[in-house]
There are 2 protein chains.
Amino acid sequence: MTVTRQSFQFADRIPSTPSIGSTTVTSPDHVHLSFGFAAPHLFPIEQLNEAATEAITSSGRQALQYSGAGGQGKIRQWIQSRSAVHGMHVKEDELLVTYGSTQGIDLAINVLVNPGDHVWVEAPSFFSALQSLRIAGAKLTSFPIDNDGVKVELIEQALLEAERSKAPLPKLLYIMPTFHNPGGVTLSVERRIRLAELAQRYNFFIIEDDAYMELNFTGEQLPTLYSLCPERVIYLNTFSKIIAPGLRLGWALAQKEVIQKMKLLMLGGSVGVFTQEILAQLLERIDFEDHLGQLKAYYKNNRDIMVDATRQHFGSDVTFHLPQGGFFIWLAFNPGVNTTELLPLAASKGVSFVGGRSFYIGQDGLHYARVCFSYCNGEQITRGIRALAEAYKEWKSGTVQIG
Amino acid sequence: MTVTRQSFQFADRIPSTPSIGSTTVTSPDHVHLSFGFAAPHLFPIEQLNEAATEAITSSGRQALQYSGAGGQGKIRQWIQSRSAVHGMHVKEDELLVTYGSTQGIDLAINVLVNPGDHVWVEAPSFFSALQSLRIAGAKLTSFPIDNDGVKVELIEQALLEAERSKAPLPKLLYIMPTFHNPGGVTLSVERRIRLAELAQRYNFFIIEDDAYMELNFTGEQLPTLYSLCPERVIYLNTFSKIIAPGLRLGWALAQKEVIQKMKLLMLGGSVGVFTQEILAQLLERIDFEDHLGQLKAYYKNNRDIMVDATRQHFGSDVTFHLPQGGFFIWLAFNPGVNTTELLPLAASKGVSFVGGRSFYIGQDGLHYARVCFSYCNGEQITRGIRALAEAYKEWKSGTVQIG
Ligand SMILES: Cc1ncc(COP(=O)(O)O)c(C=O)c1O
Ligand SMILES: Cc1ncc(COP(=O)(O)O)c(C=O)c1O
């Protein structure tokens, strides 16, 4: 049989760029300020080991089987009581365990959005959510953030304008109200209340992606959008930032009707029971408040180190919002700076970051850079920021010389 | 704020029926011939326990982190060498570890199919694949199977006819050539060769879902479609049937270009490293051939018990193909029998099965029933088939009396 080399038209939904986060750099000295990862030394390995043994010995045979349910019982209970701590009182059927909140985002989007539907996002926004929205065929519009989160007054204006001109209203707004990735900002109470009202009035859904909410350095707690408007919010959270991402476990809270539809889209039944059983055992073995306290102390300290290094090495060349939680600092350079060009230069100096471009739906964000203070230790952060500043200065002088 | 109860138009892609496999029956005596599950007592629990401990102690911190790669190294190697045993020689970049083959099916479909594209399937076919195809917006056409698998001559006729009349050609054929779920049949060598030629000639892709291939009771081995036509086949397999489904690990083999695109659609990066690390350790601890031998001996014996019980209790009321591997017997009743009506009656007698209807794209399959011999033990199988026969006889006499 002769092999005819025919071409084939693949589906349109395939994005052209890979997701961020992987790297080919292997030098042990390289500083990965690009990685939005948890600090591995804070994973509760010992208890996890006990948990795995217990899970396998006591319920291994069930845990290794398929399951049709919306999550393992103990984990569901843990999520319910933890949600209650944050003012969200959910019933059994308003909760779904997901394969990380990445799956939560994807299910929520696919439940709500037909190809061609309008979806509004923040600028900047989380690249995986943007990817998922593009694959679902959403028409995207973005709204800028400031130090108080997304500018809700602009959203309101746009809604009024759309209503007036009979333009399509959004079906969905995807938002990270707390310790935004990459912005580091938190949506103010006033804006939360207003946004919840708008969702009711204009009948759109909000995906509230609250992945970093627990990593709160101040203790000041704002009401979730879900608690303000449970009818029109799908609330997403994850064990990735508070326990470990490798488990791939997250959850969604929403109205019963929405959760049911999300379940229907979960091909292959629910999330694997094996890791759920291990996590359930783990949660019984750790003092969660204590564990969380350690995470917050470590990440806060890292943030301070990064802030100091940035002030020292960049001076007035960058500005940023001081994040009160989460993983990220979002560096704003002067307009005209091109961080995409800065990437290879920084890599040659031994540091990587994520260029602002990745967080925007269009060609914007070029003068921003996301640096992460969670994964690297203090020494690496200081070294990384110094190297980044050097790269920046070289880039600047190069540009000036040429220009 | 008054809650306005507005209605909301959810996305069209949501299916109306849940996937099969879950149940609400909790009586301990109930026989679940509906479950297409592995036998839990054959899970290698002890080695798994060791494997988990080793995985967590030796590489826990990496295993709990995110990963951007296409699978853990040792698992990739295992898959490569196992594929070679079956005549499939794949390179590093022709392989992707997936979240069960359910994700493999979904990724493969989404890489190939735009909404409105034509996809051809077998009748009957695997319900999760049908679900995934519907969500992707595929236009489905089905082709019947007989004891030698799908009738490739009908596919060929349909291709010729479509070409002649300038009707749309399929972009994709989804097929289970070996120990078909639910049919139990295996595609003959001649048909395999012909199908591979047709895929080349008419430039469509084949998804070869080979989930049950290793559970081969005879030792007779046929060439995979992938080995016949690697340019146009996406080959899928899974650890669910040979190790345990709760791990949620499977794999895809395809051309580099296709694998790259599947990776791009994998939101949230690759499959969780944690379970991969555990599986990798497990595969080092078991003698796979030996383990597989135990599975095959047990399942073959169960099949024999089910066949005997069926012959004894049903006599000439049902016919079936004797499966030479896999999990299922596909019972054909006389046309006119309605197995959907039989379901509640059987449940009341303490046995469940899957009605044929679930495996068809239209309203067909009503006089079929899928019974599974892998999950239940011999005693349960005998009792279950007897109860099913009783239910059937009652249904028949009821129908006769009424009619
Ligand atoms: C805002 C946000 N949402 C969701 C996720 C996904 O987390 P996971 O899928 O691990 O739960 C991340 C992780 O980077 C994130 O930053
Ligand atoms: C034909 C076939 N393909 C794929 C699967 C999915 O297996 P998994 O997602 O557990 O790998 C099954 C399981 O029932 C099956 O029968």
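Our structure's up above, just so we're on the same page.
The rules behind these values
Residues numbered from 1 in each chain as written. Chains lettered and ligands numbered in written order. Predicted model: local features only at pLDDT ≥ 70, side-chain atom pairs only at ≥ 80, totals over all residues. Heavy atoms only, no water. Contact = heavy atoms within 4.5 Å. Salt bridge = Lys/Arg side-chain N within 4 Å of Asp/Glu carboxyl O. Helix = DSSP H or I, 4+ residues; strand = E, 2+ residues; numbered from the N terminus. Nonpolar A, V, L, I, M, F, W, Y, C, P; charged D, E, K, R; others polar. Near = heavy atom within 4 Å. Polar contact = N/O pair within 3.5 Å; in protein donor to acceptor, adjacent residues only side chain to side chain. Areas by Shrake-Rupley, 256 points an atom, 1.4 Å probe, with all protein chains shown as cover. 1 Å grid on protein atoms, 1.4 Å probe; cavity = no way out; pocket = protein on both sides within 12 Å on 5 of 7 lines; lining within 4 Å. Points joined across faces, edges and corners; volume = space filled by probe spheres on them.

J.: Which parts of the structure should I look at to understand the interface of chain A and chain B?
T.: A common way to state how big an interface is: give the accessible area lost once the parts meet. Of the residues lining the interface, 86 residues belong to chain A; the matching set on chain B comes to 86 residues. On the surface where chain A and chain B come into contact, there are zero salt bridges. Contributing elements (two or more residues each) for the side of chain A that touches chain B: helix H1 (45-63), helix H3 (100-112), helix H4 (127-135), helix H6 (189-202), helix H8 (256-265) and helix H9 (273-285) of chain A. Among the elements that take part in the side of chain A that touches chain B, H1(A) stands out by supplying 10 residues, more than any other. Taken together, the residues of the side of chain A that touches chain B break down into 42 nonpolar, 30 polar and 14 charged.

J.: How do you make sense of the site of ligand 2 when you look at a structure like this?
T.: Ligand 2 sits among 14 residues. The nearest are Tyr66(A), Thr102(B), Tyr212(B), Thr238(B) and Ser240(B). At ligand 2, the nearby residues belong to more than one chain, namely chains A and B. A distance of 2.6 Å separates an oxygen atom of ligand 2 from a polar atom in the backbone of Ser101(B). In this structure, an oxygen atom belonging to ligand 2 sits 2.9 Å away from a side-chain N or O atom of Arg248(B). Considered on its own, ligand 2 offers 400 Å² of accessible surface; in the complex 96% of this is hidden by protein. By residue number, the principal contributor to the shell around ligand 2 is helix H3 (residues 100-112) of chain B, which donates three residues. Classifying every residue of the shell around ligand 2 gives five nonpolar, six polar and three charged.

J.: How do you make sense of empty space enclosed by the protein when you look at a structure like this?
T.: With a probe scaled to a water molecule rolled over the atoms, the places where space remains empty come into view. This structure, assessed with the given rule, holds seven cavities of 30 Å³ or more. By volume, the largest cavity is sized at about 80 Å³. Considering the residues around the largest cavity, the lining is formed by 14 residues, among which Tyr99(A), Leu247(A), Thr275(A), Tyr99(B) and Thr275(B) are closest to the centre.

Distances and angles like these do not, on their own, reveal function.
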